[in-house]
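Understanding the architecture of this molecule
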Amino acid sequence: SSWDTLSSPDGDNTIHIRTAHQADFIYILLDVVGEESIDHISDRAMVCIDGLNDKTSIAGADDYCFLAALDGKQGFVYQGGSSLVLNGHFKKIQNSDGFIGVGGKSDQNDKYSQVSHTSFEFKIPLNLFGRSDVYGFYVLVYDASGNQYYSWPVDIVPDSPFDIPSPSNWG
């Protein structure tokens, strides 16, 4: 898998981002080291993928976002192309076969920290947006107790944990 880190603006928290492709899925781990206040359902993470990497200002049908809440039973899938501006032109759709989006508390076997903290995992089916060697990509982690956002690209800070920025701003 590939590994990147994202630091909070104050430098106190680090998010380890692991991404991998295997068979018909993309796997993403967001390991939020330092976020030790565990807020059931309120802490959440979102990963967005622009299948064509066309950087449109309005989300199209090739743009998807995947949401997971801490201790949630299942994640949610959002697809661009909606006429509703409220959610950045995204609409909630039925979860695709094989999709998993979960958040949980790490344990003593965590690679980056043995202090209990939040982590989120995604298993995203490629059949939603197709295979490519380059995708548009956006990550958002929300810490409810601190009302703190962590995002990549780092200059995108939403007004609320449900805001989805324009794909033109994704990395």
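As shown above, the structure is provided for reference.
Attention in this report is confined to the structure presented alongside it. What you see is a predicted model; the values in this text were computed from it and never measured.

1. Regarding the overall build of the chain
Within the chain, the secondary structure is distributed over 0 helices and 11 strands. Out of the 171 residues belonging to the chain, those deemed buried represent 49%. In the chain, of all internal contacts separated by at least 6 residues, the share reaching a separation of at least 24 is 54%.

2. Here we look at the nonpolar core
In terms of nonpolar packing, the biggest core is built from 27 residues, with L30, F66, F122 and F129 touching the most fellow members. Within the residue set of this core, elements represented by two or more residues are β2 (14-22), β3 (25-33), β4 (44-50), β5 (63-69), β9 (118-125) and β10 (136-143). Residues in contact with F129, not counting those within four places in the same chain, are I26, I49, G51, D62, Y64, F66, I124 and Y135. Counting 14 residues, the second largest nonpolar core, distinct from the first, contains M46, F90, Y149 and W170.

3. A look at the pattern of salt bridges
Throughout the structure, instances matching the rule amount to 1 salt bridge. We note a salt bridge from R131 to D24, for which the minimum N-O separation is 2.4 Å. Of the two residues, R131 sits in the loop between β9 and β10 while D24 sits in the loop between β2 and β3, which places them 107 residues apart along the sequence.

4. Quick look at the environment of H117
By secondary structure assignment, the location of H117 is in the loop between β8 (100-105) and β9. Residue classification places H117 among the buried positions, given a relative accessible area of 1%. The spatial distance from the C-alpha of H117 to the C-alpha of K105 is 5.5 Å, given a sequence separation of 12 residues.

5. Quick notes on the packing of aromatic side chains
Applying the stated rule across the entire model yields 9 aromatic pairs. Geometrically, the ring pair formed by Y64 and F129 is tilted, given 6.1 Å between the ring centres and 50° between the ring planes. In this pair, Y64 is assigned in strand β5 and F129 in the loop between β9 and β10, connecting sequence segments 65 residues apart. The structure contains a cluster of three or more aromatic residues connected by ring pairs, namely Y64, F66, F99, F129 and Y135. Just above the ring of F25 sits the side chain of K123; from NZ or CZ to the centre is 4.3 Å.

6. Brief notes about the pairing of strand β6 (residues 76-80)
Most of β6 sits inside the fold, with 4 of its 5 residues counted as buried. Where β5 folds back onto β6 in an antiparallel hairpin, the turn is made up of 6 residues, including D71, whose phi is positive at roughly 65°. As defined by bridge partners, β6 adjoins strand β7 (residues 90-93) across 4 bridges and the pair is classed as antiparallel. Residue pairing across strands places Q79 opposite K91, the latter belonging to β7.

7. Remarks on the sheet that holds strand β1 (residues 2-7)
Across the sheet, 5 strands lie side by side as β1-β2-β3-β9-β8; this open sheet has antiparallel pairing. The two strands at the open ends of the sheet, each matched to only one other strand, are β1 and β8. Each neighbouring strand pair of the sheet contributes to a mean axis angle of 15°, computed without reference to strand direction. Relative to β9, β8 runs antiparallel, the two sharing 6 bridges. Paired with I100 across the two strands is K123, which belongs to β9.

8. With respect to the state of the cysteines
Note on terminology: disulfide describes a covalent bond linking the sulfur atoms of two cysteines. Tallied over the entire structure, the rule returns 1 disulfide. Covalent S-S linkage joins C48 and C65, the inter-sulfur distance amounting to 2.1 Å. Residues C48 and C65 are joined through a disulfide that is right-handed, its torsion about the S-S bond being 110°. Residue C48 is found in strand β4, and its partner C65 is found in strand β5; the two are separated by 17 residues along the sequence. For the pair C48 and C65, one class covers both residues: buried.

Cut-offs and rules
Residues numbered from 1 in each chain as written. Predicted model: local features only at pLDDT ≥ 70, side-chain atom pairs only at ≥ 80, totals over all residues. Heavy atoms only, no water. Helix = DSSP H or I, 4+ residues; strand = E, 2+ residues; numbered from the N terminus. Buried < 20%, exposed > 50% of the residue type's maximum accessible area, 1.4 Å probe, protein only. Contact = heavy atoms within 4.5 Å. Core = buried A, V, L, I, M, F, W, Y, C linked by side-chain atoms within 4.5 Å. Salt bridge = Lys/Arg side-chain N within 4 Å of Asp/Glu carboxyl O. Phe/Tyr/Trp six-rings, centres within 6.5 Å; stacked < 30°, edge-to-face > 60°. Lys NZ or Arg CZ within 6 Å of the ring centre and 35° of its normal. Pairing = 2+ DSSP bridges. Axes fitted to C-alpha atoms, helices over the stretch in contact; angles between N-to-C directions. Disulfide = S-S within 2.5 Å.

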